[in-house]
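As a plain string of letters, each chain reads:
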Amino acid sequence: MNNKDLFVSCLPGLEEVLGKEVASLGYGSIKGRAGVFVPYQGMNQIYRLNLHLRTASRVLMPLAHFRCRDKADLYKGSLAVNWQPFFKGMPTFAIDSFVLHKSLTNSLYAAQLVKDGICDQLKDKMGSRPSVDTSNPDLGLHLYIVDDMATISFDTSNPPLHQRGYRVEGGVAPLRENLAASLLMLAGYTAEDTIVDPCCGSGTFLIEAAMIASKTAPGIHRRSFGFYRHPEYSEAEWQQVRQEAMQQTVRLEQGRFFGIEESVK
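Residues numbered from 1 in each chain as written. Predicted model: local features only at pLDDT ≥ 70, side-chain atom pairs only at ≥ 80, totals over all residues. Heavy atoms only, no water.

Engineer: What is the right way to read the side chain of H101 from this model?
Structural biologist: Considering the arrangement of structural elements, one finds H101 in the loop between β5 (93–100) and α4 (107–126). Here H101 falls in the buried class, since its relative accessible area comes to 9%. Engagement of the side chain of H101 in a polar contact is seen with the backbone oxygen of C68, the distance being 2.7 Å. Only 3.4 Å separates the side chain of H101 from the backbone oxygen of D147, close enough to count as a polar contact. If we skip the residues at most four places from it in the chain, H101 touches C68, R69, D70, I145, D147 and D148. (Helix = DSSP H or I, 4+ residues; strand = E, 2+ residues; numbered from the N terminus. Buried < 20%, exposed > 50% of the residue type's maximum accessible area, 1.4 Å probe, protein only. Polar contact = N/O pair within 3.5 Å; in protein donor to acceptor, adjacent residues only side chain to side chain. Contact = heavy atoms within 4.5 Å.)

Structure below.
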C-alpha cells in the first residue's frame, strides 16, 4: 500500500469481485480488508470509479497518514491537513470511523478528536466552525486506525455507492444494490441470460441485471457525489466522463427480465 493509494471499500468477502471490476476499468488494485487499494491517477479516475463501479461501497481518498500512539497524536494528525479548501462556504460534515487500537478503543471518541482538530483549525483560520450532520452531510470524511497507524480520508462518494439514485424508496428489508450486483457477477450473469426472480421485492436484482445488460453506469442517475466538494473538482471534466458513459449504453432485448411479488394490502 502506498500512502496515496485510493481505498475502494466493499462488503467483506467481495474483494475479489471488486478487484476484477476495477481491472475492467483499466486500473490495478491490491486486495485489502473489505476493499481494494488502487494507485491514484487523478480526478478523472475518481469520477470513473464512482460512476462505473457496481460492487463498491465508497471510494476513499487519503488526506493524511501518520503514526497514532495516543489521542495527542490523533489530534495533531488532524491538524496536518489544510482544511480550508474543503470547507469553503462552511459545508456540514461527518466522520465515519474504524478503530482497532490499544488505547483509543472507542471509534466515536476517536472521530470526535479529529472533528475537534478540524473545527479548531478552521476557527483559528476562518473565524467560524462547521456543523456536524451525521444523517446527510455535505462533506464526508473517514478515519481508519489499526495498531499505531491512522489514515484520514476524503469520501469521494458520499453517500455510499449502493444509493444509485433511481429509487425513491425501498421495500421491507431491502437488498443493497451493490450486493445484488455482486451476487449477479458471482453467478456469472451476462446480457444473454434470462433472469427470473419469483420473490423480487422492490426489484433490485432485476434492475441491477438490466443495468448490467444495458451497460448503464450504476451512478448515472445520482444527483451528487462527494467529489463535488473536492478542491480539484472540474465540472467540465466530470460531464465529459458522464457523457461518455451515457454513450456506452445499449438497448435491452425484451423478454429477459421477469419478477413476481405479492402485493402488500
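Engineer: What's the story with the packing of helix α3 (residues 71–78) against α4 in this structure? I'm lost.
Structural biologist: When two helices pack together, you describe them by how their axes are tilted relative to each other and by the distance separating the axes. Look at α3 against α4: their axes get within 8 Å of each other, and the N-to-C directions meet at 40 degrees. Classified by the interaxial angle, the pair formed by α3 and α4 is oblique. Where α3 crosses over α4, the two elements pack in a sense that is right-handed. Along the contact surface, α3 presents K71, L74, Y75 and S78, while α4 presents Y109, A110, L113, V114, D116, G117, I118 and D120. (Axes fitted to C-alpha atoms, helices over the stretch in contact; angles between N-to-C directions. Parallel < 35°, antiparallel > 145°, perpendicular 65-115°, else oblique. Left-handed = near helix turned anticlockwise from the far one by under 90°.)

Engineer: Sorry if this is basic, but what is going on with the nonpolar core here?
Structural biologist: For soluble globular proteins, nonpolar side chains are generally found buried alongside one another. Within the largest apolar cluster, 54 residues are counted, with the highest numbers of intra-cluster contacts made by V8, L74, W83, I118 and I145. The contacts of I118, once residues within four sequence positions are left out, are S78, W83, F87, F93, I95 and L141. (Core = buried A, V, L, I, M, F, W, Y, C linked by side-chain atoms within 4.5 Å.)

Engineer: Sorry if this is basic, but what is going on with the environment of E262 here?
Structural biologist: Take E262: it is sitting in the segment after β9 (257–259). Overall, E262 belongs to the exposed group, its relative accessible area being 68%. Sequence separation between E262 and H221 is 41 residues; the distance between their C-alpha atoms is 28 Å.

Engineer: Could you clarify how one ought to interpret the packing of helix α5 (residues 177–186) against helix α6 (residues 204–213) in this entry?
Structural biologist: Interaxial distance between α5 and α6 falls to 9 Å at its minimum, and their mutual angle equals 65 degrees. The element α5 and its partner α6 pack so that their crossing is right-handed. For the pair formed by α5 and α6, the contact residues are E177, A180, A181, L183 and L184 on the first element and T204, F205, E208, A209 and I212 on the second. Within the contact of α5 with α6, the residues separate by chemical class into seven nonpolar, one polar and two charged. (Nonpolar A, V, L, I, M, F, W, Y, C, P; charged D, E, K, R; others polar.)

Engineer: What should I look at first to understand the sheet that holds strand β2 (residues 30–32) in this one?
Structural biologist: The pairing of strands in a sheet happens through backbone hydrogen bonds and is either parallel or antiparallel. Read across the sheet, seven strands follow the order β2-β3-β1-β4-β7-β6-β5 without closing on themselves; strand pairing throughout is mixed. Taken across any chain shown, the strands that pair with only one partner, and hence form the sheet edges, are β2 and β5. Taken pair by pair, the neighbouring strands of this sheet meet at an average axis angle of 30 degrees, ignoring direction. The pairing of strand β1 (residues 6–9) with strand β4 (residues 58–67) spans three bridges and is classified as antiparallel. Within β4, the residue paired with F7 across the bridge is L60. (Pairing = 2+ DSSP bridges.)

Engineer: Which parts of the structure should I look at to understand the packing of aromatic side chains?
Structural biologist: The geometry of an aromatic ring pair comes down to the distance between the two centres and the angle between the two planes. Going through the model one piece at a time under the given rule, you end up with 17 aromatic pairs. For the ring pair Y228 and Y233, a centre distance of 5.2 Å and an interplane angle of 40 degrees mean the geometry is tilted. Members of the aromatic cluster, joined through ring pairs, are Y47, F225, F227, Y228, Y233 and W238. Over the ring of F225 we find R222; its NZ or CZ atom is 4.4 Å from the centre of that ring. (Phe/Tyr/Trp six-rings, centres within 6.5 Å; stacked < 30°, edge-to-face > 60°. Lys NZ or Arg CZ within 6 Å of the ring centre and 35° of its normal.)

Engineer: Looking at this structure, how should I read helix α7 (residues 235–247)?
Structural biologist: In an α-helix there are 3.6 residues to a turn, and that puts residues three or four apart on one side. Along its 13 residues, α7 runs 18 Å from first to last C-alpha, staying within 8% of the 18 Å computed at 1.5 Å per residue. Of the residues making up α7, those classed as buried are W238, V241 and A245. End-on, the buried residues of α7 take up no more than an arc of 60 degrees, which puts them together on one face. Of the exposed residues in α7, those oriented more than 90 degrees away from the buried face are A236 and Q247. Among the structural elements, α2 (43–52) are those in contact with the buried residues of α7. (Expected span 1.5 Å × (residues − 1). Arc of directions from axis to C-beta.)

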